[in-house]
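Single-letter residue listing:
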Amino acid sequence: MFNSREKRHRNPVGAVPDGRSVHFKILLPRELSCREANLIMEQENGAASCLGMFWCGMEGADQEWWECHFTPDAPGLYFYHFEITTCRGRLRLSRGFGGQAVFGGMNRWQMTVYEKNFRTPDWLSGGIMYQIFPDRFCASGTAKGPLPADRALHEAWGEQPQWRPNAQGRVTNSDFFGGDLKGIEQKLPYLKELGVTCIYCNPVFESHSNHRYDTADYSKIDPLLGSREDFSSLCAAAEKLGIRVVLDGVFSHTGSDSVYFNREGRYETPGAFHSQQSPYYPWYTFRQWPNSYDCWWNFDTLPNVKETEPSYNEYINGEHGIVRSWLKAGSSGWRLDVADELPDEFLDRLTAAAKAENPDALVLGEVWEDASNKTAYGVRRRYLLGRQLDTVMNYPFRDAILGFLLGGDPRAFCETVESILENYPPQCVRLLMNHIGTHDTERALTMLGGEPAGSNGREWQSCHALSPEQREKGRRRLKLASLLQFTLPGIPCIYYGDEAGLEGYKDPFNRSCYPWGHEDQELLEWYRTLGQLRREQRSILAEGGFRTRYADGNLLAYERYQETDAGEDSLLIVVNRSHRPQSILEADIDFEKGSVLAGEPLNHTRVLSPYGYSLLRFHRDAPETQEEAIDAAE
């Protein structure tokens, strides 16, 4: 009757710019004797429109088409369903699984409408990101200044990070390995070999923990990492190799041990904790000064800031503020920590500041859910409608990839992917940060090895590793996971060390040192192969379309495609997640016409080996007649 993801029913499909006319067509059984059909369109603000649909022809002898056009006049979320008057009374068509229409129900389709002038940076499209936890990636050997008394430097690279509470019962995250900016610069050729085009660094600003999410001074590089000059040197050297650097902005809170709050009295300037006359006092919310204050997730070392307080907003987003200052120093953009905790007013101004400094600056947000319809603190967010985020971290794709490989329904994988593609503007989709692990999650290899931490505590996690059998299973699954990651719409992001075979449970075990000289060479070569694949097939993978070809049992097949004047070029990815051979005989795919780029040929047996895959390229000539064009469209 209707499928929101098919052009014959909704054209164009997916998110649309404001002012763009959208054509709706429903196909009804003739036996219903429909005499009236309406499209009911409702906006986020509650405004609703009832658009009459017109009878427009037959499909065979027993089905009929009804159609109408709708033109959204403003950005926002629009929700719609259909109502028809028939011989059986008034019926409602609602959204079912996969965008299909069903009779009854209350689910509505979503149509995302973004600003018509919304554009995102071109330089990241088709590339590869690489996430670095700076203290644990590479130590250059450059001499460090005197360590503060409350920091400890490990004697050996690769020791287990400290995790036990200190004598006061607190986990301070104050052990360091000495990774630094010069170390990252030294390894740029290595990253270039992987095909990396963008480095995303976890926080680099002065802080007193190894994760540095408790910012002490936004204006300075942490001395253990280097200096502002070292940062600019890294950015300049990376740019020569075609690599950009993106910084982590932690703007919803600061550290209590900071020049701004200064609870620990480390800094000479009085902070908000010590003086109500401090210029930083208005940044914070004290319930009872000085010891009772709002803090992030009740961690008293992370006092929340009031992002809309004028002096704080100016400090971060002003003409001479932090956002523009570090773009001047060489950064190509910002990843925003806990973006859903940053109010719209602050995000609007931050993005305006970044784009004023550099129109091609990237603004990427940490959002764990579908960012198109996210509600945070009772407010529907407008991240992807223009003037805010360029794109987001893609946790839904991560969950879909790991879920499928660990036994989930492959149809659920496809539904997650297609739902995101339907809801997000295409200029956001092409830059989606597709990760399968970060500093906030267990290592992908550990997850895929078959024994996640679950409810086991840190004591268990600290001494538990995958068995040889589990590790081998995890490695084979990781190859499939990264194949999916590298071929789905968006930008694959490698969490440092995944390509080298690092294991690890939750923080801090997922933040161990890169194993220089002890890499899993087979995995490393696999990731280099994936990087080469993205370079060679960039035209399709950068902004090509997506369609499911087969999803059943242990098998998944999807296609990335690109239409050209000469026809259509496509890549077909077929994956067997099982430890047993699997037949794909039922798939309606002519494998004979494809050329194998990687993996196993399927043109004869149509059987994939255990944890097997096939990657094929197809070309279909452009139709020569109108009838062929109609068949191709359908």
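You'll find the structure just up there.
Because the structure is a prediction, the values reported are computed rather than measured.

1. Some details on the overall build of the protein chain
Piece 1. Each helix and strand counted, the protein chain has 16 helices and 34 strands in total.
Piece 2. Since a compact globule built from 634 residues should have a radius of gyration of about 26 Å, the 27 Å found for the protein chain is in line with a globular shape.
Piece 3. A separation threshold of at least 6 residues defines the contact pool for the protein chain, and within that pool the share at least 24 residues apart is 69%.
Piece 4. For the protein chain, the accessible area works out to roughly 26000 Å², and carbon and sulfur atoms hold 48% of it.
Piece 5. Positive and negative side-chain charges in the protein chain, numbering 68 and 89 respectively, have mean positions lying 1 Å apart.

2. Comments concerning the nonpolar core
Piece 1. By size, the foremost hydrophobic cluster in this structure holds 119 residues, and its most contacted members are Tyr130, Leu191, Phe251, Trp334, Leu336 and Phe413.
Piece 2. In this structure Leu191 touches Tyr130, Ile132, Phe137, Val196, Ile199 and Ile243, once residues within four positions along its chain are discounted.
Piece 3. The next biggest cluster of nonpolar side chains, apart from the first, holds 25 residues, and it includes Phe2, Trp66, Tyr78 and Phe82.

3. A word on the sheet that holds strand β12 (residues 129-132)
Piece 1. Reading across the sheet, the 8 strands line up as β25-β22-β21-β18-β15-β12-β27-β26 and stay open at both edges, with parallel pairing between neighbours. The strands lining the two open edges of the sheet, one partner per strand, are β25 (391-392) and β26 (433-435).
Piece 2. Pairing of strand β15 (residues 198-201) with strand β18 (residues 244-249) involves 3 bridges; the strand directions are parallel. Pairing of Tyr200 across the sheet is with Val246, part of β18.

4. Some remarks on the sheet that holds strand β6 (residues 54-59)
Piece 1. Strand order across the open sheet formed by 4 strands is β1-β3-β7-β6, with antiparallel pairing between neighbours. Whereas interior strands pair on both sides, the edge strands pair on one side only; in this sheet they are β1 (10-11) and β6.
Piece 2. Bridge count for β6 against strand β7 (residues 63-70) is 5 bridges, and the pairing is antiparallel. Bridging across to β7, Trp55 finds its partner in Trp66.

5. Observations regarding unusual backbone geometry
Piece 1. At the junction of Asn11 and Pro12, the peptide bond is cis and its omega measures out at 0° in the coordinates.
Piece 2. With respect to the secondary-structure elements, Pro12 resides in the loop between β1 and β2 (16-17).
Piece 3. In this structure, the amide linkage connecting Asp507 to the following residue, Pro508, adopts the cis form with an omega of 10°.
Piece 4. For Asn262, which is not a glycine, the phi torsion comes out positive at approximately 60°.
Piece 5. Tracing the backbone through its elements, the reader meets Asn262 in the loop between β18 and β19 (286-288).
Piece 6. With relative accessibility at 2%, the residue Asn262 sits in the buried group.
Piece 7. Of note, Arg387 is a non-glycine position whose phi angle comes to about 75°, a positive value.
Piece 8. Within the secondary structure, Arg387 is located in the loop between β24 (379-380) and β25.
Piece 9. Given a relative accessible area of 60%, Arg387 falls into the exposed group.

6. Some words on the packing of helix α8 (residues 395-405) against helix α9 (residues 410-423)
Piece 1. Where α8 meets α9, the axes come as close as 9 Å, and the angle between the chain directions of the two elements is 165°. Relative to α9, the element α8 lies roughly antiparallel. Handedness of the crossing formed by α8 with α9: left-handed. Contacts from Pro396, Phe397, Ala400, Ile401 and Phe404 in α8 reach Pro410, Phe413, Thr416, Val417, Ile420 and Leu421 in α9.
Piece 2. When its residues are assigned to classes, the contact of α8 with α9 shows 10 nonpolar, 1 polar and no charged.

7. Comments concerning the pattern of salt bridges
Piece 1. Applying the stated criterion to the full structure yields 54 salt bridges.
Piece 2. One salt bridge connects Asp390 with Lys355, and the closest N-O pair in it is separated by 2.8 Å. Highlighted residues: Asp390 in the loop between β24 and β25 and Lys355 in helix α7 (residues 344-357), separated in sequence by 35 residues.
Piece 3. Put simply, Lys479 and Glu522 hold a salt bridge, and the shortest N to O gap is 3.9 Å. Of this pair, Lys479 sits in helix α13 (residues 468-487) while Glu522 sits in helix α14 (residues 521-536), and the two are 43 residues apart along the sequence.
Piece 4. Given the relative accessible area of 23%, Lys479 is considered partly exposed.
Piece 5. A single salt-bridge network, built from bridges that share partners, covers Arg471, Glu472, Arg475, Lys479, Glu503, Asp520 and Glu522.

8. Re the packing of helix α5 (residues 310-317) against α7
Piece 1. Running from N to C, α5 and α7 point in directions that differ by 30°, and their axes come no closer than 10 Å. Between α5 and α7, the angle falls in the class roughly parallel. Taken as a pair, α5 and α7 cross one another with a handedness that is right-handed. In this structure, α5 contributes Tyr312, Asn313, Glu314, Ile316 and Asn317 to the contact, and α7 contributes Glu345, Phe346, Arg349, Leu350 and Ala353.

Reading the values: rules and limits
Residues numbered from 1 in each chain as written. Predicted model: local features only at pLDDT ≥ 70, side-chain atom pairs only at ≥ 80, totals over all residues. Heavy atoms only, no water. Helix = DSSP H or I, 4+ residues; strand = E, 2+ residues; numbered from the N terminus. Rg over C-alpha atoms; globule rule 2.2 N^0.38 Å. Contact = heavy atoms within 4.5 Å. Areas by Shrake-Rupley, 256 points an atom, 1.4 Å probe, with all protein chains shown as cover. Lys, Arg positive; Asp, Glu negative; His and termini not counted. Charge placed at Lys NZ, Arg CZ, Asp CG, Glu CD. Core = buried A, V, L, I, M, F, W, Y, C linked by side-chain atoms within 4.5 Å. Buried < 20%, exposed > 50% of the residue type's maximum accessible area, 1.4 Å probe, protein only. Pairing = 2+ DSSP bridges. Axes fitted to C-alpha atoms, helices over the stretch in contact; angles between N-to-C directions. Parallel < 35°, antiparallel > 145°, perpendicular 65-115°, else oblique. Left-handed = near helix turned anticlockwise from the far one by under 90°. Nonpolar A, V, L, I, M, F, W, Y, C, P; charged D, E, K, R; others polar. Salt bridge = Lys/Arg side-chain N within 4 Å of Asp/Glu carboxyl O.

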